[in-house]
Amino acid sequence: DLIGQGVLSSIKLFLRTNKKSLKNSAIVLYDAAEPINQNIIKLLAKSANFLILLSDNIIRTKKLSDYITSNYGISPVVTSDVNYSLKIADAVILSREINIDKKIPVWCFNNLYLPKLKNGIYINDFSFNVPWSTEQYPVELLGAILGQMQEKDAEKSLKINQIFLDEIKFNDKVIEFT
């Protein structure tokens, strides 16, 4: 899942700039019960130790938590308490709108979302640097090209083909690392 790898790589980069990693950070996913988040949750479960699955649909989220525990060996926190989740969060991945007044990376799957509070580091797009061209490729096209190479692991495929994260953006604005 190329989009999942891009989300994961961009969050890792922001965490590293704050001297943190996925292993020692609290990552919140809201709404964890939504299907759009399933692949990213599974990717995070492979490398993160502290996942918080935030959702109003506790029954569905608990089933997902049980799946993660049995397949990846970590026990995510399942909650519907937004304040608790955001208070301890080091990064947030959103598929639903929520205002975050904390200077942490916030990945938004909804490209139409414009946050009211500007304190967070909002992200909703990225691009990759490919060795065979100076032009940026849309993620969908790059995914189709890599899909033809028969490699099932997106992270491994990116490394083999020397494709690296190039820009991290919110809408058309490139986010600078300071």
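Residues numbered from 1 in each chain as written. Predicted model: local features only at pLDDT ≥ 70, side-chain atom pairs only at ≥ 80, totals over all residues. Heavy atoms only, no water.

Undergrad: What is the right way to read the pairing of strand S2 (residues 50–54) from this model?
TA: Moving residue by residue along a regular strand, the side chains alternate between the two faces of the sheet. Counting buried positions along S2 yields four of five residues, so the element is predominantly enclosed. Sheet topology note: the strand S1 (residues 26–30)/S2 ladder contains five bridges and is parallel. Along S2, the bridge assignment pairs isoleucine 27 with leucine 51. Read from S1 through helix H2 (residues 38–47) to S2, the crossover connection turns out right-handed. Pairing between S2 and strand S3 (residues 77–79): three bridges, direction parallel. In the strand pairing of S3, leucine 54 is matched with threonine 79. Each parallel crossover has a hand, and for S2 linked through helix H3 (residues 58–72) to S3 it is right-handed. (Buried < 20%, exposed > 50% of the residue type's maximum accessible area, 1.4 Å probe, protein only. Helix = DSSP H or I, 4+ residues; strand = E, 2+ residues; numbered from the N terminus. Pairing = 2+ DSSP bridges. Right-handed = clockwise from strand over helix to strand, strands pointing away.)

Undergrad: Would you mind showing me how to read the nonpolar core here?
TA: Soluble globular proteins tend to bury their nonpolar side chains together. Membership of the largest hydrophobic core comes to 34 residues, with the highest contact counts inside it found for Leu22, Ile27, Leu29, Ile41, Leu44, Leu51 and Ile93. A total of six residues in this core trace back to one element, the largest contributor, which is helix H1 (residues 2–17). Not counting chain neighbours up to four residues away, the residues in contact with isoleucine 27 comprise Leu15, Leu22, Leu44, Phe50, Leu51, Ile52, Ala91 and Ile93. With 15 residues, the next largest nonpolar core counts Tyr30, Ile52, Leu86 and Ile104 among its residues. (Core = buried A, V, L, I, M, F, W, Y, C linked by side-chain atoms within 4.5 Å. Contact = heavy atoms within 4.5 Å.)

Honestly, it's all geometry; don't read function into it.
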